[in-house]
Amino acid sequence: MSFGLPFKDKPPRLSYGGYLKINELISLQQLHSDPLQHDEMLFIIIHQVYELWFKELLHELDTVIVLLSREEALNANRLLRRCIEIEEVLVNQVGVLETMTPMDFLAFRDHLMPASGFQSAQFREVEIVSGLKDPHVLENYAADSVERKRLQDRLARPTVGDAFYGLLSKRGFNVQGAADEEKRGPGSEYMEEMVRLYEEAEKHYDLFLLAESLIEYDEFFLLWRLRHVKMVERMIGSKTGTGGSEGAAYLNKTAERRFFPDLWTLRTYLSNRSGGCNGAVNGGSHG
Ligand code: HEM
């Protein structure tokens with residue numbers, strides 16, 4: 001009886017390494033430090049891993065938009081839950097990089113200038129598709145670059161929020177004002193409709209679940225921003241960034257950004273009802 005490898009005599013036509021392009025993948029980590037600094041490997045790999053997750057997030061979010069436009073709320077919600085799981089990984093991954101000391105980082109930091117995560121086009125794509133359509137991001141990319149073209153395409157396409165509000169509208173909510181900041185303030189018809197979405201959740205539970213997933217998605221993105229800026233303070237204090245910004249001071253300002261500001265605002269206007277989805281089971285809400 002042979003306990004040898006299953007493919008000893010006949011290699012499979014498709015191999016693990018061939019399918020996943022492992023040789024190519026592990027040749028992509030090219031250190032710039034001279035003399036070579038041990039932690040630069042970690043620094044490169046962690047950024048590359050982030051970029052792969054950004055790619056996956058974009059893949060999922062694009063499909064979420066399609067599903068919402070087809071009124072498949074629960075299917076879209078399932079993929080949004082996946083995006084949230086990915087975000088959790090993105091947040092927790094910061095801890096791996098924080099095993100690097102500030103001195104270890106400073107030993108190769110100068111070799112990175114003027115490169116910076118600030119230039120991550122996929123990060124900007126995630127921001128745009130999630131609702132932050134800021135055309136100024138284009139200014140950071142050369143006129144004829146692939147990145148700029150991709151960002152221009154994204155800016156012209158609907159966001160997850162557009163698709164969500166489109167679905168709400170099809171399901172009888174008057175959310176015409178969603179795109180206009182002035183029409184969606186407290187007391188507006190729009191905000192009343194958003195409150196109805198929550199207070200009558202049992203009547204359209206799939207939409208309510210979607211709204212809760214969207215705010216959680218937003219929250220985890222914010223948690224990444226906060227975790228990232230704390231790491232930055234831990235590594236470089238209040239030094240300016242390699243990308244030329246004020247560093248932590250700039251990043252702290254970005255933590256004010258929200259993909260779905262209205263979902264946060266509407267909480268303020270919810271009334272104290274005990275007949276909501278969980279009210280009957282839990283005997284009312286707390287907090
Ligand atoms: C030692 C670790 C790190 C330090 C010291 C650091 C520092 C900074 C600083 C100072 C900025 C502001 C822009 C600038 O002037 O450069 C920035 C932006 C940014 N970094 Fe990092 N970073 C680190 C790791 C990472 C990692 C692992 C990622 C993952 C992709 C990342 C992604 C980003 C992104 C996306 C921005 C733009 C944020 C925005 O504009 O909202 N950074 N980083």
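Residues numbered from 1 in each chain as written. Predicted model: local features only at pLDDT ≥ 70, side-chain atom pairs only at ≥ 80, totals over all residues. Heavy atoms only, no water.

Draft legend 1. Representation of the pattern of salt bridges in the model. The final tally for this structure, using the stated rule, is 20 salt bridges. Residue Arg 154 pairs with Glu 125 through a salt bridge whose shortest N-O separation is 2.8 Å. Note that Arg 154 is positioned in helix H7 (residues 146-156) and Glu 125 in helix H6 (residues 121-130), a separation of 29 residues in sequence. Residue class for Arg 154 comes out buried when judged on its relative accessible area of 8%. Judged by its relative accessible area of 4%, Glu 125 is buried. For Arg 225, the salt bridge goes to Glu 127, with nearest N and O atoms at 2.8 Å. Taken as a pair, Arg 225 in helix H10 (residues 205-236) and Glu 127 in helix H6 lie far apart in primary sequence, 98 residues in all. There is no split in this pair, since Arg 225 and Glu 127 are both buried. Salt bridges linked by common partners bring Asp 62, Glu 125, Arg 150, Arg 154 and Arg 157 together as one network. (Salt bridge = Lys/Arg side-chain N within 4 Å of Asp/Glu carboxyl O. Helix = DSSP H or I, 4+ residues; strand = E, 2+ residues; numbered from the N terminus. Buried < 20%, exposed > 50% of the residue type's maximum accessible area, 1.4 Å probe, protein only.)

Draft legend 2. Summary view of the site of the ligand. Inspection of the region around the ligand gives 28 residues, with Ser 116, Arg 124, His 228, Ser 245 and Tyr 250 positioned closest. At 2.7 Å from an oxygen atom of the ligand is found a side-chain nitrogen or oxygen belonging to Ser 116. A distance of 2.4 Å separates an oxygen atom of the ligand from a polar side-chain atom of Tyr 250. Of all the elements in the fold, those that place two or more residues in the shell around the ligand are helix H3 (40-69), H6, H10 and helix H11 (248-254). Take the shell around the ligand: its biggest share by element is 6 residues, from H10. Classifying every residue of the shell around the ligand by side-chain character gives 14 nonpolar, 11 polar and 3 charged. (Near = heavy atom within 4 Å. Polar contact = N/O pair within 3.5 Å; in protein donor to acceptor, adjacent residues only side chain to side chain. Nonpolar A, V, L, I, M, F, W, Y, C, P; charged D, E, K, R; others polar.)

Draft legend 3. Focus on the nonpolar core. Formed by 68 residues in total, the largest nonpolar core has its most connected members in Leu 68, Phe 164, Leu 168, Met 194, Leu 197 and Leu 210. Within the residue set of this core, elements represented by two or more residues are H3, helix H4 (73-97), helix H5 (102-109), H6, helix H8 (160-170), helix H9 (189-199), H10 and H11. With 15 residues, H10 is the largest single contributor of residues to this core. Counting 7 residues, the second largest nonpolar core, distinct from the first, contains Ala 121, Leu 138, Leu 151 and Leu 155. (Core = buried A, V, L, I, M, F, W, Y, C linked by side-chain atoms within 4.5 Å.)

Draft legend 4. Region of interest: empty space enclosed by the protein. Summed over the entire model, instances satisfying the criterion amount to 1 cavity of 30 Å³ or more. Space inside the largest cavity adds up to approximately 40 Å³. Taken together, Phe 54, Glu 87, Leu 90, Phe 123, Phe 220, Phe 221 and Trp 224 make up the full set of residues lining the largest cavity. Only H4 and H10 provide two or more residues apiece to the lining of the largest cavity. The dominant element in the lining of the largest cavity, judged by the number of residues it contributes, is H10, at 3 residues. Residues of the lining of the largest cavity, tallied by class, amount to 6 nonpolar, no polar and 1 charged. (1 Å grid on protein atoms, 1.4 Å probe; cavity = no way out; pocket = protein on both sides within 12 Å on 5 of 7 lines; lining within 4 Å. Points joined across faces, edges and corners; volume = space filled by probe spheres on them.)

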